[in-house]
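Each chain, letter by letter, is given below.
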Amino acid sequence: IYKGIVMTSDNKKKVKAERPRGFEDLSGEDLLLLEKIISTIEKTYQFYGFEKLETSIIELSNVIGSFLPDQDRPNEGVFSLEDDDSRWLSLRYDLTSGLARYVAENYDALPKPYRRYQSGWVFRNEKPGPGRFRQFMQVDADTVGSKNPLADAEMCMMFSDVFENIGIQRKDYLIRLNNRNLLDALLSQTGINHIENDIKYLTVMRSIDKLDRLGVKGVTELLGKGRKDKSGDFTEGARLENKQIDLIINFLQQGDKSKKLNRKSALEELDEIFCDSEKFKNAIEELYEISSILDDLDYKEDRVAIDPSVVRGLGYYTGPIYEADLIFPEDKNLKNFGSVGGGGRYDNLVERLKGVKVPATGISIGVSRLLTAIKSLTEESYKKNYII
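Residues numbered from 1 in each chain as written. Predicted model: local features only at pLDDT ≥ 70, side-chain atom pairs only at ≥ 80, totals over all residues. Heavy atoms only, no water.

Describing empty space enclosed by the protein
And then number 1: Following the criterion strictly, the structure yields one cavity of 30 Å³ or more and no others.
And then number 2: In this model, the largest cavity occupies a volume close to 30 Å³.
And then number 3: If you trace the largest cavity, you find it lined by Val103, Tyr107, Leu110, Pro111, Lys112, Tyr114, Val144 and Val358.
And then number 4: Residues belonging to the lining of the largest cavity are distributed by class as follows: seven nonpolar, no polar and one charged. (1 Å grid on protein atoms, 1.4 Å probe; cavity = no way out; pocket = protein on both sides within 12 Å on 5 of 7 lines; lining within 4 Å. Points joined across faces, edges and corners; volume = space filled by probe spheres on them. Nonpolar A, V, L, I, M, F, W, Y, C, P; charged D, E, K, R; others polar.)

Structure (structure tokens):
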């Protein structure tokens, strides 16, 4: 074998059958289970009154450019190619960019608010890992055109209902609720402001978003000079000063404490410890409103909890954000499995394409990762509770 080519005895060259890293083949029971999970999620969204939309698998790179990692290198983070018109095209990084483009193109003809769901494969040119693929299935739901906190509360409720409809027990998952503006307000005190495509800001946010996977030590390194992983690859850090890092880490460590409190108490503590700006206070008020709606509809803290350590790595979020975690406290192989979905409010994304402000909020469930978790459960629990 030489460079992936097999030399045969009759001097004919045969390409070695080899799958690229981070991609997988699905067949048989795995494929049937994937389809059942997707169907269950879609039926939940339909129950809430969302309608289906399909958008292109390829978008113009400049259309999704508001959250590409590097504008000057379109292949960094996404899979891109240049067409015969010398325009860069990219395989979609997520389903939100296509929705934003669709709304901008069809805004006048769409109902207000516009509520859609979509299932589809998305592609990320990133380093793969256990349960993390470069091609994976997402199922999204979004409400476009509403500022009402009910729209944000509804996203948390749908997350919860999806898991329970699949068969995941209430103790085995948790929807973590936060507001992006809490951390933005905190960072602004240290001179780090939310400016679109600002490299330092995006680096800080993406570093913090790795808290569940890397822990406090790993995030501290990424906020500083950088971090070398087990393979020897080095990730350049945000190079913040120690006092900036200490403030951020202190804030993030409130997450474990907040999840053990009822939502009102958690918000009161955050308000007391950190609130010294109007932006922080407004963000707390937004979370109070969402929490009140959840209380009225009986979605308690065992389903949706306040957690200030939730950040979401993409730069376009402007308000409330949500993270859906699988916990499985009684399964040692899957304990604290982590995020299988997330989302949040993004009131500025459509405006970049349309020229007018269009509020929006949405969620995305990573079905491929969810499938990995369900398949890893014990056989007894797998057969007893789940949708197969």
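So, the nonpolar core
Where a protein is soluble and globular, its nonpolar side chains tend to be buried together.
And then number 1: Core analysis: the biggest nonpolar cluster contains 76 residues, and Tyr45, Phe163, Leu326 and Leu370 have the highest contact counts within it.
And then number 2: For this core, the element with the highest residue contribution is helix 3 (residues 149-166), accounting for nine residues.
And then number 3: Those residues in contact with Tyr45 that sit more than four places away from it in its chain are Phe50, Tyr117, Val139, Asp140, Ala141, Met158, Val162, Ile363 and Ile365.
And then number 4: Counting 17 residues, the second largest nonpolar core, distinct from the first, contains Leu110, Val144, Leu349 and Val350. (Core = buried A, V, L, I, M, F, W, Y, C linked by side-chain atoms within 4.5 Å. Buried < 20%, exposed > 50% of the residue type's maximum accessible area, 1.4 Å probe, protein only. Helix = DSSP H or I, 4+ residues; strand = E, 2+ residues; numbered from the N terminus. Contact = heavy atoms within 4.5 Å.)

Describing the side chain of Arg92
And then number 1: By the element assignment, Arg92 lies in the loop between strand 6 (88-91) and helix 2 (96-106).
And then number 2: Lacking a salt bridge, the buried Arg92 has Glu54 as its closest oppositely charged neighbour, with an N-O distance of 5.4 Å.
And then number 3: One polar contact links the side chain of Arg92 to the main-chain carbonyl oxygen of Thr55, over a distance of 3.1 Å.
And then number 4: For Arg92, the contacting residues outside a window of four places in its chain are Thr55, Ser56, Ile57, Gln118, Gly120, Trp121, Val122 and Phe123. (Lys, Arg positive; Asp, Glu negative; His and termini not counted. Salt bridge = Lys/Arg side-chain N within 4 Å of Asp/Glu carboxyl O. Polar contact = N/O pair within 3.5 Å; in protein donor to acceptor, adjacent residues only side chain to side chain.)

A few points about the pairing of strand 8 (residues 135-144)
And then number 1: Burial analysis of strand 8 places nine of its ten residues in the buried class, the great majority of the element.
And then number 2: Note: strand 7 (residues 114-123) against strand 8, ten bridges, orientation antiparallel. Among the inter-strand pairings, Phe123 is bridged to a residue of strand 8, identified as Gln135. (Pairing = 2+ DSSP bridges.)

What about a nonpolar patch on the surface?
And then number 1: Taken together, the side chains of Ile57, Ile58 and Leu81 make up a nonpolar region of the molecular surface, amounting to roughly 220 Å² of accessible area.
And then number 2: Mapped onto the secondary structure, Ile57 falls in the loop between strand 3 (51-52) and strand 4 (58-60).
And then number 3: For Ile57, a relative accessible area of 37% puts it in the partly exposed group. (Patch = residues over 30% accessible without salt bridge, like charges linked within 9 Å, V, L, I, M, F, W, Y side chains within 5 Å. Areas by Shrake-Rupley, 256 points an atom, 1.4 Å probe, with all protein chains shown as cover.)

A look at the confidence of the model for the chain
And then number 1: This prediction gives the chain a mean pLDDT of 87; 89% of its residues lie at or above 70.
And then number 2: The weakest mean pLDDT in the chain belongs to helix 13 (residues 379-385) at 56; the strongest belongs to strand 3 at 98.
And then number 3: Low pLDDT, under 50, characterises residues 69-73; the predicted model gives this stretch six contacts beyond four residues in sequence or across chains. (pLDDT = per-residue confidence, 0-100.)

Focus on the environment of Ser231
And then number 1: Along the polypeptide, Ser231 turns up in the loop between strand 10 (226-228) and strand 11 (234-236).
And then number 2: Classification of Ser231 by relative accessible area gives partly exposed; the value is 49%.
And then number 3: Looking at Ser231, its side chain comes within polar contact range of the side chain of Asp229, at 2.6 Å.

Comments concerning the sheet that holds strand 13 (residues 320-326)
And then number 1: Across the sheet, which stays open at both edges, the eight strands sit in the order 3-7-8-15-14-13-9-12 with mixed pairing between neighbours. What marks the edges here is a single partner per strand, and that holds for strand 3 and strand 12 (304-306).
And then number 2: Relative to strand 15 (residues 360-366), strand 8 runs antiparallel, the two sharing seven bridges. Among the inter-strand pairings, Val144 is bridged to a residue of strand 15, identified as Ala360.
And then number 3: Contacting strand 7, strand 8, strand 9 (173-179), strand 12, strand 13, strand 14 (338-345) and strand 15, helix 3 runs over the sheet at an angle of about 15° to strand 15. (Axes fitted to C-alpha atoms, helices over the stretch in contact; angles between N-to-C directions.)

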